[in-house]
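Listed here are the chains, written in short residue letters.
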Amino acid sequence: MSEATLKTGHVTGVNGNLVSVEFHTSVIQNEVAFVQVADGARLKSEVIRVRGKEADLQVFEATNGIKVGDAVEFTGALLSVELGPGLLTQVFDGLQNPLPRLAEESLFLKRGTYIYPLDDKKEWEYTPTAKVGDEVFGSDEVGWVPEGIFHHKIMVPFGWLGVWKITWVIAPGKYSIRTTVAKAVNESGEEREIKMVQAWPVRVPISTYREKLLPVEPMVTQVRSIDTFFPVAKGGTFCTPGPFGAGKTVLQHALSQRSEADIVIVAAVGERAGEVVEILQEFPVLEDPRTGRKLIDRTIIICNTSSMPVASRESSIYTSVTLAEYYRQMGLNVLLLADSTSRWAQALREESGRLEEIPGEEAFPAYLESLVASFYERAGLVRLNNGEKGSITICGAVSPAGGNFEEPVTQATLKVVGSFLALSRDRANARRYPAIHPLESWSKYKSTVALEQVAYARQILKNGNEIEQMMKVIGEEGTPNSDFVTYLKSEFLDAVYLQQDTFDSVDSACTAERQEYVFKKLNQILKKEFTFGDKAAARMYFAGLRQIFIDWNYSAWNSPQFAENEKLLDAKLAEA
Amino acid sequence: MRKIYHRIIQISGNVITLEADNVANGELAEVRSGDLSSLAQVIRLNGSRVSLQVFAGARGISTDSEVRFLGRQMQVAATTDLLGRIFTGNGAPRDGGPALTDNMVEIGGPSVNPACRIIPRKMIRTGIPMIDIFNTLVESQKLPIFSIPGEPYNQLLARIAMQAEVDVIVLGGMGLKYDDYLSFKNALDEQGALARAVMFVHTAADPTVECTLVPDMALATAEYFAVQEHKRVLCLLTDMTNFADSLKEIAITMEQIPSNRGYPGDLYSQLASRYEKAVQFKGENGGSITILAVTTMPGDDVTHPVPDNTGYITEGQFYLSGGHIEPFGSLSRLKQNVNKDTREDHRTLMDTMIRLFAQYRDTLEKQAMGFRMSAWDEKLLKYGRLFEEGMMSLKVNIPLEAALDRGWKILAECFEPAETGVKTDLIKKFWPTAKQDDAE
């Protein structure tokens, strides 16, 4: 973005966080502006509508104290994030301010305080890979630095059009991110500098890759009911709608810890601050079993909780996905967890209401669907220009009003995701966690276990449910014994496989290998013919079987205890 | 030096509009009309037109009322003199005591930086098993009590306030019936707790706008005690549905587009900015704010916008129905932080008892439909009865450990160990072996 001469304006009206400004020269839609308040604060804002000589700005802060006539400066730059080494392990707000460094100044989030997101003093061990004379395009690698275990590529700025010829490269060594590491010239002779850091406007997808591919390879989450029944692919999208109390956040936390992704971006969008704090405090100490390093080393947290200003909540979702795209460009698999997209939609609704736009369903703006779709479309598996693959998997939590999935945000989301994990209040009330409903949920991706086994298990669940409904009408005594056993089987399957203890270190992490092994055994049980004298005996038998199976789930993979419990299980099976 | 304005150009609901300059968004003004005088707050600026919300209501305001801008935002006195005092929603004394004017701080301040928060790990014991075992209350938690009108929610609130170990109690009453206000006051007085309490009370007879100020006044006060005085503060708010209804009234007056059943589109943000004031600060003597807020559910409908939005904001909820805390739907999201350190059987017992109680409820349904009860059903029926008497009744007042022991006893009286689905090692340790304490 070029440095235009300073453009100014003055405030003409205030309505909530929407400020009307008369501008003196020109403005750009979505450019960043600062409102100068009498108490000295400069409030960051974004142009969201222009009418005649007036621009409407959404202010990313509380608007108390703004007066008519207050000065406004326009920056000429779209709302952007800084991309470079040092993003990992950080905690940002929706505008990429590092929260821990803000905390050094005040306990409270004082408005008008903005801090550069990256550490520009820290020196990185830089190794150039491009040579003078090389022809490069936007997003091609010119060098790299180690960031934790990752090979952090320094790339030609994504926005550079056409072909560039490298004219100069820096020698290997330790440099800070603002150092020019290479220079390049384009066909018309313009020379530009490449630094370790570049800015990118958040609302524009980074699209300098060769092609988008079909996501097929499963992304293992270690949550049994997801991986086996409702799998997610690397580069896929899925959503977890559910009423409050159904365990959305606990599930998201489990995903953020156990998923087999290189980078995890946790976006807390308009949700409780307390939940983020758990991540903030636990990730630096929890070990990532895949790498042996700490979980925080592969994590970025974007935190714009519910009490933080609503406009930056709206932008935080774009900030998160832009950071995800940046790491995808390095050939990594990124998982973005957005909790909750409904809060984002509500932020849009608040803004739309203040703009006095004609409301759509439930007063959400008419363009809600297209915005939801274009957000999820930023996920995907891509082949990069250098032939490598990178992916972004997006999981959006949805918080439907009243737990009713018919509402606009859930419906708009269902149209564009590849897997739907319906969280059910009934299951949560019965403490059947994770509360993913086995009959309502669906997935278009490929399971980690054999398809035929999944289909059989699903049929048992379906039949069991029908029999249960029937039993409510005709009673237990009127149900044939064979049906009753099917019902017990489906309850058994639910108890020992669908339900999983997130707070137990063994049970919470079920690898693909273990799932395959255990599910095979489970299938044998489901397929086995049982005959019992009466229903009480059947119930008693399955209760015992369940007990052993649960103990088996709690024993570490391939430990002596695991083998022992399996023997007990086989013995119990031989009984019947 | 401040100008006095005399020409009001619009009066609509409780909002007046006049032409004025050099006015800041959110600024307070004093409106005088004859003998009437009220505070008002700027809620919208449009060119030289300024819209103000009049706290005492616009009734009786004349077009030539005097309006004087005060050059400051709404404030509350941050001083320990607050203790033992009772105020109205806009901070005027309700108890006949002197007005407090020292060390004024703005209300509705910014939220705490999430990076400054810590994971709350201190349990608040209440002596109520449905809370202590099943939905443990944790210091700095924000929890609503969802209730149908008519349930004893204010009594429950008062009981928790008395029994919980906290330093300061801040009560924010919104649309409170006058008798409820008096019974709160008497309850605190009887237990000698009034001296460590501050009350901001808006009664049902007071102007609507004042109702919307109560949570901010109460929470700013709580924040002062927690941050400056390092106190453990329990903030009680009742009833948040009245607060939301006041917001609705004002939003409609301002011709905002309603989103759901007439409530403004920012209801979630409005509620969240209040509830998120609940916090635990770092350090040995770091203070904390715990929020318990009554939310009455119109028509016992949890999907009504107020309880619904609240549920997404708070860290769980207590459902009050039929005079007891309902095991289903009630939830404390922070219980995991504390119930692993109480006793090793706490979590398992909690899950098992609730799961079995769910089956008991199913059996009750079957029984109501006239089905023959199987042996298993009979066991469940017995269990359900014992659970309701020994755990759910609000009359029960025993410490957590005694309640856990009672839980195992109830299980042993009704079931074989394998029927409970409890891990074998816990069964070995806690299952009461002698069954002689059965009746007969």
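Note that the structure is predicted; figures quoted are calculated from it, not measured. (Residues numbered from 1 in each chain as written. Chains lettered and ligands numbered in written order. Predicted model: local features only at pLDDT ≥ 70, side-chain atom pairs only at ≥ 80, totals over all residues.)

K.L.:
I tried to follow the overall build of chain A on my own but got confused; where do I start?
P.N.:
Check the secondary structure of chain A and you find 14 helices and 26 strands. Its C-alpha atoms give chain A a radius of gyration of 27 Å, near enough to 25 Å, the size a compact globule of 576 residues would have. Its C-alpha atoms give chain A principal-axis dimensions of roughly 90 × 55 × 40 Å. Out of the 576 residues belonging to chain A, those deemed buried represent 52%. Pairs at least 24 apart in sequence give 68% of the contacts found in chain A among residues at least 6 apart. (Helix = DSSP H or I, 4+ residues; strand = E, 2+ residues; numbered from the N terminus. Rg over C-alpha atoms; globule rule 2.2 N^0.38 Å. Buried ≥ 20, exposed ≤ 12 C-beta atoms within 10 Å, placed from the backbone. Contact = placed C-beta atoms within 7 Å.)

K.L.:
Sorry, what's going on with the packing of helix H10 (residues 451–474) of chain A against helix H11 (residues 481–498) of chain A here?
P.N.:
Between two packed helices, the angle of one axis relative to the other and the distance separating the axes together describe the packing. All names here are of chain A. Interaxial distance between H10 and H11 falls to 8 Å at its minimum, and their mutual angle equals 120 degrees. Our classification of the angle between H10 and H11 gives oblique. Relative to H11, H10 is oriented so that their crossing is left-handed. Contact residues: Ala457, Ile460, Leu461, Asn463, Gly464, Asn465, Ile467 and Glu468 in H10; Asp483, Thr486, Tyr487, Lys489, Ser490, Glu491 and Leu493 in H11. (Axes fitted to C-alpha atoms, helices over the stretch in contact; angles between N-to-C directions. Parallel < 35°, antiparallel > 145°, perpendicular 65-115°, else oblique. Left-handed = near helix turned anticlockwise from the far one by under 90°.)

K.L.:
Would you mind going over the domain arrangement of chain A with me for this structure?
P.N.:
Accessible area lost during the coming together of the parts is what is often quoted as the interface size. Residues and elements named next belong to chain A. According to the domain assignment, chain A contains domain 1 (7–78), domain 2 (82–115 + 210–443), domain 3 (123–196) and domain 4 (451–575). For the side of domain 1 that touches domain 2, the secondary-structure elements that each account for two or more residues are strand E4 (42–51) and strand E5 (54–59). In terms of residue count, the dominant contributor to the side of domain 1 that touches domain 2 is E4 (4 residues). Partitioned by chemical class, the residues of the side of domain 1 that touches domain 2 number 6 nonpolar, 4 polar and 5 charged. (Domains from an automatic or database assignment. Nonpolar A, V, L, I, M, F, W, Y, C, P; charged D, E, K, R; others polar.)

K.L.:
Which parts of the structure should I look at to understand the domain arrangement of chain B?
P.N.:
Residue and element names in this part refer to chain B. Split by domain assignment, chain B resolves into domain 1 (4–69), domain 2 (75–336) and domain 3 (346–430). A separation of 33 Å is found between the C-alpha centroids of domain 2 and domain 3. Listed per partner, the contact involves 11 residues of domain 2 and 16 residues of domain 3. Among the elements that make up the side of domain 2 that touches domain 3, the one with the highest residue count is helix H1 (residues 129–132) (3 residues). Residues belonging to the side of domain 2 that touches domain 3 are distributed by class as follows: 6 nonpolar, 3 polar and 2 charged.

K.L.:
How should I be thinking about helix H6 (residues 341–354) of chain A in this particular structure?
P.N.:
Note that an α-helix has 3.6 residues per turn; residues three or four places apart therefore point the same way. All names here are of chain A. Spanning 14 residues, H6 covers 20 Å between terminal C-alpha atoms, matching the ideal 20 Å at 1.5 Å per step. With respect to burial, H6 is a largely interior element, 13 of its 14 residues being buried. Directly after H6, the chain includes Glu356, whose backbone phi takes a positive value near 55 degrees. (Expected span 1.5 Å × (residues − 1).)

K.L.:
Before we go on, may I ask you to explain the nonpolar core in this structure?
P.N.:
In a soluble, globular protein the nonpolar side chains are often hidden away together inside. A:Ile265, A:Leu336 and B:Cys235 are the most contacted members of the largest nonpolar core, which totals 269 residues. A total of 12 residues in this core trace back to one element, the largest contributor, which is helix H4 (residues 208–227) of chain B. If you look at the next biggest cluster of nonpolar residues, it comprises 24 residues, including A:Leu488, A:Tyr497, A:Leu498 and A:Leu522. (Core = buried A, V, L, I, M, F, W, Y, C linked by C-beta atoms within 7 Å.)

K.L.:
Honestly, the pairing of strand E17 (residues 198–201) of chain A in this entry has me stumped. Any pointers?
P.N.:
Put simply, side chains in a regular strand alternate between the two faces of the sheet. All names here are of chain A. Burial along E17 is one-sided: the face carrying Gln198 and Trp200 is buried and the face carrying Ala199 and Pro201 is not. Here 4 bridges tie strand E7 (residues 80–83) to E17, and the two strands are oriented antiparallel to one another. Within the sheet, the bridge partner assigned to Leu83 lies in E17 and is Gln198. (Pairing = 2+ DSSP bridges.)

K.L.:
Any chance you could explain the sheet that holds strand E13 (residues 164–169) of chain A here in plain terms?
P.N.:
All names here are of chain A. Reading across the sheet, the 4 strands line up as E10-E13-E15-E16 and stay open at both edges, with antiparallel pairing between neighbours. Of all strands in the sheet, those with a lone pairing partner are strand E10 (135–136) and strand E16 (191–195), marking the two edges. When E10 meets E13, the two strands line up antiparallel, connected through 2 bridges. Residue pairing across strands places Val136 opposite Trp164, the latter belonging to E13.

K.L.:
I would appreciate a short explanation of the packing of helix H10 (residues 375–392) of chain B against helix H11 (residues 400–414) of chain B in the present structure.
P.N.:
Residues and elements named next belong to chain B. For the pair H10 and H11, the least separation of the axes is 9 Å and the interaxial angle reads 160 degrees. By the criterion of interaxial angle, the relationship of H10 to H11 is roughly antiparallel. Two packed elements cross with a definite hand, and for H10 against H11 that hand is right-handed. Between H10, through Lys379, Lys382, Tyr383, Leu386, Phe387 and Gly390, and H11, the contact on the second element is made entirely by Arg406, Ile410, Glu413 and Cys414. Across the contact of H10 with H11, the residue classes break down as 5 nonpolar, 1 polar and 4 charged.

K.L.:
What am I meant to see in the interface of chain A and chain B here?
P.N.:
Contacts between the two partners involve 68 residues from chain A and, on the opposite side, 61 residues from chain B. Mapped onto the side of chain A that touches chain B, the elements with two or more residues apiece are strand E1 (7–15), helix H1 (99–103), helix H4 (273–282), H6 and helix H13 (535–554) of chain A. Broken down by element, the residue count for the side of chain A that touches chain B peaks at 10 residues, all from H13(A). Residues of the side of chain A that touches chain B, tallied by class, amount to 30 nonpolar, 22 polar and 16 charged. Examined bridge by bridge, E1(A) and strand E5 (residues 36–46) of chain B share 3 bridges and lie antiparallel to one another. Residue pairing in the sheet places A:Gly13 in a bridge with B:Asn46 of E5(B).

K.L.:
Any chance you could explain the sheet that holds strand E11 (residues 141–147) of chain A here in plain terms?
P.N.:
Think of a sheet as strands paired side by side through backbone hydrogen bonds, with each pair either parallel or antiparallel. All names here are of chain A. Read across the open sheet, the 4 strands follow the order E12-E11-E9-E14; overall the sheet is antiparallel. At either margin of the open sheet sits one strand with a lone partner, and together these are strand E12 (150–155) and strand E14 (173–176). Direction aside, the axes of adjacent strands within the sheet are offset by 45 degrees on average. Note that strand E9 (residues 123–128) and E14 share 4 bridges and pair antiparallel. Note that in E14 the partner of Glu125 across the bridge is Lys174.

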